Amino acid sequence: MIELRNLSKSFVTADGPVEALRHISLTIGDGDIYGIIGMSGAGKSTLVRCINLLEMPTEGSVLVDGADLAGMSKKEIRQMRHQITMIFQSFNLLMQRTCLQNVLLPLKLMHMPKAEAKKRALELLEVVGLPDKANSYPAQLSGGQQQRVAIARALASDPKVLLCDEATSALDPKTTHDILELIREINQRMGITVIMITHQMSVVQEICNRVAILEHGTVVEEGEVSEVFSNPKAQATKALVYPDMADGMDSFGAAHQQMVRLVFQGAAAATRPLIANMAIDCHITANILSATTRTLGGKVYGNMLLNIPGGPDDLATAVKYLSATPNVTVQVDVEYSAEEAQPNE
């Protein structure tokens, strides 16, 4: 288990001190695939570098299985880093060495016997689906294949934790999906805890079971992915989960429209023709401003932004009808709705 307790990190720049992280406390359980997400400049990469002490925190503690890394000697920290390995957006492979030689590098640093190290490296190339690329050079591989080699190298020391710093950001959607599937398989087969640093909500939704949202160096929301995705509370989370919402409202000129957001929390709710049924049953034809659904853990989750025409009574009828549907949460967003458009109590 990894515990971050009151973690802060400041840098001194020519323009003065910068607080990259401020009082972050998180607990990441063994076997989790834990997402840390935020926009550019939120502090994600600084946070992941503090976890393995590539950056020393200004304040606070990083505990791994109860042991405080800050209290360790340099030798102990080096040994700990064998248990907390890392992959990067840019792969960081040695271009003058073959794939096999890249995977062998950490094993040589651990002074593993040559024959045993080669056997281990070849096994890992097979684990990542590249048994035929042992003698190829990185330049001869696609981006996805290079990341697979980087994953094999990260697994060489038999780690407990794999840190992924924007590991799929340079890849196309199909390759991203394949790499995420590989990471999921490694997590399940080897029991390795995975920490995904990303700015892509789609990555978190596809693979993570828990997520923390960073904004300006602080955690603004944290929890199970399904809960955070279906019912975001912080404005930064809403911007990540509903990126099309503002565009939909702007295009409609909706400052004083009756806005209702539906959050679907299961496949049955998401596949039912709910809006058409409301038009038939209640004679209310809602305008769909935006809609997004995704599959998460075998269930369909998503959101739909509606404008309900008419007056407060029509809005109240629509909210009552929609709220009666299982696995659908109805939210009337007062930030975008006229005050008089709220449903009657």
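Residues numbered from 1 in each chain as written. Predicted model: local features only at pLDDT ≥ 70, side-chain atom pairs only at ≥ 80, totals over all residues. Heavy atoms only, no water.

Q: Can you tell me about the layout of surface pockets, naming the residues and giving the values?
A: Volume-wise, the largest pocket comes out at about 570 Å³. As for the largest pocket, its lining consists of 19 residues, of which Arg 81, Ile 84, Thr 85, Met 86 and Pro 106 are closest to the centre. Within the lining of the largest pocket, the residues separate by chemical class into 11 nonpolar, five polar and three charged. (1 Å grid on protein atoms, 1.4 Å probe; cavity = no way out; pocket = protein on both sides within 12 Å on 5 of 7 lines; lining within 4 Å. Points joined across faces, edges and corners; volume = space filled by probe spheres on them. Nonpolar A, V, L, I, M, F, W, Y, C, P; charged D, E, K, R; others polar.)

Q: A description of the state of the cysteines should follow, citing residues and the corresponding values.
A: In protein structure, a disulfide is the covalent linkage between the sulfur atoms of two cysteines. Under the definition given, this model contains zero disulfides. Between Cys 208, a cysteine without a disulfide, and Cys 164, which holds the nearest cysteine sulfur, the sulfur-to-sulfur distance is 9.0 Å. The buried category is assigned to Cys 208, whose relative accessible area is 7%. (Disulfide = S-S within 2.5 Å. Buried < 20%, exposed > 50% of the residue type's maximum accessible area, 1.4 Å probe, protein only.)

Q: Provide a residue-level description of the packing of helix 3 (residues 99-109) against helix 5 (residues 143-155), including the pertinent values.
A: For the pair helix 3 and helix 5, the least separation of the axes is 7 Å and the interaxial angle reads 25°. Taken as axis vectors, helix 3 and helix 5 run roughly parallel relative to one another. Where helix 3 crosses over helix 5, the two elements pack in a sense that is right-handed. Contacts between helix 3 and helix 5 pair Cys 99, Asn 102, Val 103 and Pro 106 from the former with Val 149, Ala 152 and Arg 153 from the latter. Here the residues of the contact of helix 3 with helix 5 are counted per class, giving five nonpolar, one polar and one charged. (Axes fitted to C-alpha atoms, helices over the stretch in contact; angles between N-to-C directions. Helix = DSSP H or I, 4+ residues; strand = E, 2+ residues; numbered from the N terminus. Parallel < 35°, antiparallel > 145°, perpendicular 65-115°, else oblique. Left-handed = near helix turned anticlockwise from the far one by under 90°. Contact = heavy atoms within 4.5 Å.)

Q: Residue-level account of helix 13 (residues 312-323), with values.
A: If you check helix 13, its first and last C-alpha atoms are 16 Å apart, about what 12 residues at 1.5 Å a residue would give, namely 16 Å. Taken as a whole, helix 13 has its buried residues at Leu 315, Ala 316, Ala 318, Val 319, Tyr 321 and Leu 322. (Expected span 1.5 Å × (residues − 1).)

Q: Break down unusual backbone geometry for me, with residues and values.
A: One non-glycine residue with positive phi stands out, namely Phe 91, at about 75°. Structurally, the position occupied by Phe 91 is in the loop between strand 6 (84-88) and helix 3. In the Ramachandran plot, His 216 falls in the positive-phi region, its phi being about 50° despite a non-glycine side chain. Here His 216 lies in the loop between strand 9 (210-215) and strand 10 (218-224).

Q: Provide a residue-level description of the sheet that holds strand 4 (residues 59-64), including the pertinent values.
A: Spatial ordering of the open sheet is given by 2-1-4-5, a layout of four strands whose pairing is antiparallel. Edge strands, defined here as strands with exactly one partner in the open sheet, are strand 2 (16-28) and strand 5 (67-68). Inspection of the sheet shows strand 4 paired to strand 5 by two bridges, in the antiparallel sense. For Val 64, the partnering residue across the bridge sits in strand 5 and is Ala 67. Of the strands in this sheet, strand 1 (2-13), strand 2 and strand 4 touch helix 1 (residues 44-51), which is tilted by about 120° from strand 1. (Pairing = 2+ DSSP bridges.)

Q: Describe the confidence of the model for the chain, listing the residues and the values that go with them.
A: Averaged over every residue, the pLDDT of the chain is 85; the share at 70 or more is 87%. For residues 246-256, every residue scores under 50 in pLDDT, and the model assigns this stretch 14 contacts once sequence neighbours within four places are set aside. Here residues 334-345 is modelled with pLDDT under 50, and outside its nearest four sequence neighbours on either side it reaches 26 contacts, counting other chains as well. (pLDDT = per-residue confidence, 0-100.)

Q: Got a sec to walk through the packing of helix 12 (residues 274-282) against helix 13? Specific residues and values, please.
A: Axis separation between helix 12 and helix 13 bottoms out at 11 Å; the angle between their running directions is 125°. The orientation of helix 12 relative to helix 13 falls into the category oblique. Here the hand of the crossing between helix 12 and helix 13 comes out right-handed. Note on element contacts: helix 13 touches helix 12 through Thr 317, Ala 318, Tyr 321 and Leu 322, opposite Leu 274, Ile 275, Asn 277, Met 278, Asp 281 and Cys 282. In the contact of helix 12 with helix 13, the residues fall into seven nonpolar, two polar and one charged.

Q: Break down the sheet that holds strand 7 (residues 161-165) for me, with residues and values.
A: Pairing between the strands of a sheet comes from backbone hydrogen bonds, and it takes one of two forms, parallel or antiparallel. Taken in spatial order, the six strands line up as 6-7-8-3-9-10 in an open sheet, and their pairing is mixed. Single-partner strands in this sheet number two, and they are strand 6 and strand 10. Neighbour-to-neighbour, the strand axes of this sheet turn through a mean angle of 15°, independent of strand direction. By the bridge criterion, five bridges tie strand 3 (residues 33-37) to strand 8 (residues 193-198) in an arrangement that is parallel. Bridging from a neighbouring strand, Tyr 34 pairs with Ile 195 of strand 8. Along the sheet, helix 5 makes contact with strand 6 and strand 7, crossing strand 6 at roughly 170°. Contacting strand 3, strand 6, strand 7 and strand 8, helix 6 (residues 173-190) crosses the sheet at an angle of about 155° to strand 8.

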